[in-house]
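# Secondary and tertiary structure notes
For reference, the chains in residue letters:
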Amino acid sequence: MKVGGKGKSKKGAAMDEEDEAEARERARVEALAIDWDAIARALPLGADEEDIVRRNEFFAKWDVNSNGGLSFTEVDGAMKKLMAGLTPGLAGKGKGALYEWSRSWKPVIMRAFIKSQNFNAQRKAKAKRNDDYVERDEFRMLLVCVRLYFEMFIAFSRVDVN
């Protein structure tokens, strides 16, 4: 049975739709191919001297207003710049992009920020420090959480088709 005047049967049209859906799914999965080694090199998570120095440099650079703490806006902007080149399929913009920033990194950063800003809650309470910021002694935890939560985000994105 032909559909419309285009000469395709219903079965042929359904096959074309399935092929298109498979192609979209392949493109989605390919965009989720992450260079984990590059991310590991970009995020100074270690306890060695080199990573400590890099973390201190990152913190100083990211603390735009030099108040000794990082706001969510400062962290979000810095992470966006840092990771844009490492995850081009996730950091795109516009209708052609597979994922926009807000659908990929932003939720990851938000959860990591909340988790890490409360990491030293007892010490903060004693020192009457500000809970609205990630401070230097919580910064490593922020980066660790970003990495871990991003891994979970990618894992779930790969299995979540609809």
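We now turn to the structure provided with this report. These numbers come from a predicted model, not from an experiment.

## Overview of the pattern of salt bridges
Here the structure, examined in full by the defined rule, presents three salt bridges. Across the pair Asp-76 and Lys-106 runs a salt bridge, and its minimum N-O distance is 3.2 Å. Of this pair, Asp-76 sits in helix α4 (residues 72–84) while Lys-106 sits in helix α5 (residues 105–117); the two residues are 30 residues apart in sequence, bridging distant segments of the chain. Lys-106 gets classed as partly exposed once you look at its relative accessible area, which sits at 31%. A salt bridge links Glu-151 to Arg-147; the shortest N-O distance between them is 2.5 Å. On the criterion of helical spacing, the pair formed by Glu-151 and Arg-147 is a turn pair, its members being four residues apart in helix α7 (residues 136–159). The exposure class of Arg-147 is buried, given its relative accessible area of 17%.

## Some thoughts on the packing of aromatic side chains
Summed over all chains, the structure comprises six aromatic pairs. Summarising the aromatic geometry, the rings of Trp-62 and Phe-139 are spaced 5.3 Å apart at their centres and angled 90° between planes, so their arrangement reads as edge-to-face. A residue pair is termed long-range when its members are at least 10 positions apart, and Trp-62 in helix α3 (residues 49–62) and Phe-139 in helix α7 qualify at 77 residues. Accessibility expressed as a relative area gives 7% for Trp-62, which makes it buried. Judged by relative accessible area, Phe-139 falls into the buried class, the value being 2%.

## Notes on the environment of Asn-118
Structurally, Asn-118 can be placed in the loop between α5 and α6 (121–127). Judged by relative accessible area, Asn-118 falls into the partly exposed class, the value being 40%. Spatially, the C-alpha atoms of Asn-118 and Asp-131 are 6.9 Å apart, while their sequence positions differ by 13 residues.

## A short note on α3
Every α-helical turn comprises 3.6 residues, leaving residues that sit three or four positions apart pointing alike. Counted at 1.5 Å a residue, the expected span for α3 with its 14 residues is 20 Å, and the 20 Å between its end C-alpha atoms agrees. Every buried residue of α3 is listed here: Asp-51, Arg-55, Phe-58, Phe-59 and Trp-62. Within α3, the buried residues cover an arc of 95° as seen down the axis, which keeps them to one side. Relative to its buried face, α3 has exposed residues pointing more than 90 degrees away, namely Glu-49, Glu-50 and Lys-61. In this structure, the buried residues of α3 make contact with α2 (36–42), β3 (69–70), α4, β4 (134–135) and α7.

Rules of the game
- Residues numbered from 1 in each chain as written.
- Predicted model: local features only at pLDDT ≥ 70, side-chain atom pairs only at ≥ 80, totals over all residues.
- Heavy atoms only, no water.
- Salt bridge = Lys/Arg side-chain N within 4 Å of Asp/Glu carboxyl O.
- Helix = DSSP H or I, 4+ residues; strand = E, 2+ residues; numbered from the N terminus.
- Buried < 20%, exposed > 50% of the residue type's maximum accessible area, 1.4 Å probe, protein only.
- Phe/Tyr/Trp six-rings, centres within 6.5 Å; stacked < 30°, edge-to-face > 60°.
- Expected span 1.5 Å × (residues − 1).
- Arc of directions from axis to C-beta.
- Contact = heavy atoms within 4.5 Å.

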